[in-house]
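The primary structure of each chain is shown beneath.
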Amino acid sequence: MEQTFIMIKPDGVQRGLVGEIISRFEKKGFSLRGLKLISVDSAFAEKHYADLSAKPFFNGLVEYIISGPVVAMVWDGKNVVKIGRTIIGATNPADSAPGTIRGDFAVDIGRNVIHGSDSVESARKEIALWFPEGVTEWQSSLRPWIYE
Ligand code: DAT
Ligand code: MG
């Protein structure tokens, strides 16, 4: 099944949103395959956001991501990349619908609480970057109750 990379950004960790965010993905029916609380350095953050290196907000974005520990996760499920983005909400919390993570918990675009891969290809790259050790193989016993 498909996998996506989800990261709770330093503001999400500081604000005590880790449990709430994990809960939303669990309750949806997705399976957790990897999880760690880590601090990354600027070289690592620059690699993660390499596609945005030409943007005017790039340096501020890197400073934000290295400002405290983040929770890096891999979630597994049918269409998890696209549905994960829906659960997260629009990039700018001003446009994120209520009921989404950013819509419920964020105000400014530069403090938008959470990252989620934007495509299956980005997910593959991001999981390789953040989880070079690999993820955990297991299958939820709830699977037949979630998938027909
Ligand atoms: P997303 O995180 O929704 O995938 P993105 O990949 O375009 O959005 O950008 C990565 C992060 O960079 C985003 O979560 C917040 C920040 N960002 C994006 N556009 C921005 C802007 N116009 N001004 C300031 N920060 C921005
Ligand atoms: Mg993105």
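In this text the structure is predicted, and so the values were computed from the model without any measurement.

Draft legend 1. Focus on the sheet that holds strand 2 (residues 31-38). With antiparallel pairing, 4 strands are arranged side by side in an open sheet as 2-3-1-4. Both edges of this open sheet fall to strand 2 and strand 4 (114-116), since each of them pairs with a single strand only. Averaged over all pairs of adjacent strands, the angle between their axes in this sheet comes to 15°, without regard to strand direction. Pairing geometry for strand 2 and strand 3 (residues 70-76), over 7 bridges, is antiparallel. By the bridge assignment for strand 3, Leu35 is matched with Met73. Each of strand 1 (3-8), strand 3 and strand 4 is contacted by helix 5 (residues 80-88), which is oriented at about 25° to strand 1, the strand it contacts most.

Draft legend 2. The site of ligand 1, seen in detail. Around ligand 1 lies a shell formed by Lys9, Tyr49, Leu52, Phe57, Leu61, Arg85, Thr91, Arg102, Ile109 and Asn112. With respect to ligand 1, the side chain of Lys9 contributes an N or O atom lying 3.0 Å from an oxygen atom. Here an oxygen atom of ligand 1 and a side-chain polar atom of Thr91 are 2.5 Å apart. Alone, ligand 1 offers 520 Å² of accessible surface; in the complex the protein occludes 73% of this.

Draft legend 3. Inspection of the nonpolar core at higher detail. Judged by nonpolar contacts, the single largest core of 19 residues is most densely connected at Ile21, Phe25, Met73, Trp75, Ile101 and Ile114. Those elements that provide at least two residues to this core are strand 1, helix 2 (18-28), strand 3, helix 5 and helix 6 (101-105). The contacts of Met73, once residues within four sequence positions are left out, are Thr4, Phe5, Ile6, Ile8, Ile21, Ile22, Leu32, Gly34, Leu35 and Phe131. Counting residues in each nonpolar core, the second largest holds 16 residues, with Ala45, Tyr49, Ile65 and Ile127 among its members.

Draft legend 4. Molecular detail of unusual backbone geometry. We note that Asn79 has phi near 55°; this positive angle belongs to a residue other than glycine. Of note, Asn79 is situated in the loop between strand 3 and helix 5. With a phi angle near 75°, Val113 is a residue other than glycine that sits in the positive phi range. In this structure, Val113 sits in the loop between helix 6 and strand 4.

Draft legend 5. Spatial organisation of the environment of Thr91. Within the fold, Thr91 resides in the loop between helix 5 and helix 6. Here Thr91 falls in the partly exposed class, since its relative accessible area comes to 43%. C-alpha of Thr91 to C-alpha of Arg102: the two residues are 11 residues apart in sequence and 7.9 Å apart in space. Filtering out sequence-adjacent residues up to four positions away, Thr91 remains in contact with Arg85, Arg102, Ile109 and Asn112.

Draft legend 6. Main features of the pattern of salt bridges. Under the counting rule described, the total for this entry stands at 6 salt bridges. Arg24 serves as the salt-bridge partner of Asp104, at 2.9 Å between the closest nitrogen and oxygen. Placement of Asp104 in helix 6 and of Arg24 in helix 2 is noted, with a sequence separation of 80 residues between them. Residue Arg24 is classed as partly exposed on the basis of its relative accessible area, which comes to 21%. For Arg33, the salt bridge identified is with Glu137, shortest N-O distance 3.2 Å. Of this pair, Arg33 sits in strand 2 while Glu137 sits in the loop between helix 7 (120-130) and helix 8 (143-146), and the two are 104 residues apart along the sequence.

About the criteria used
Residues numbered from 1 in each chain as written. Chains lettered and ligands numbered in written order. Predicted model: local features only at pLDDT ≥ 70, side-chain atom pairs only at ≥ 80, totals over all residues. Heavy atoms only, no water. Pairing = 2+ DSSP bridges. Helix = DSSP H or I, 4+ residues; strand = E, 2+ residues; numbered from the N terminus. Axes fitted to C-alpha atoms, helices over the stretch in contact; angles between N-to-C directions. Contact = heavy atoms within 4.5 Å. Near = heavy atom within 4 Å. Polar contact = N/O pair within 3.5 Å; in protein donor to acceptor, adjacent residues only side chain to side chain. Areas by Shrake-Rupley, 256 points an atom, 1.4 Å probe, with all protein chains shown as cover. Core = buried A, V, L, I, M, F, W, Y, C linked by side-chain atoms within 4.5 Å. Buried < 20%, exposed > 50% of the residue type's maximum accessible area, 1.4 Å probe, protein only. Salt bridge = Lys/Arg side-chain N within 4 Å of Asp/Glu carboxyl O.

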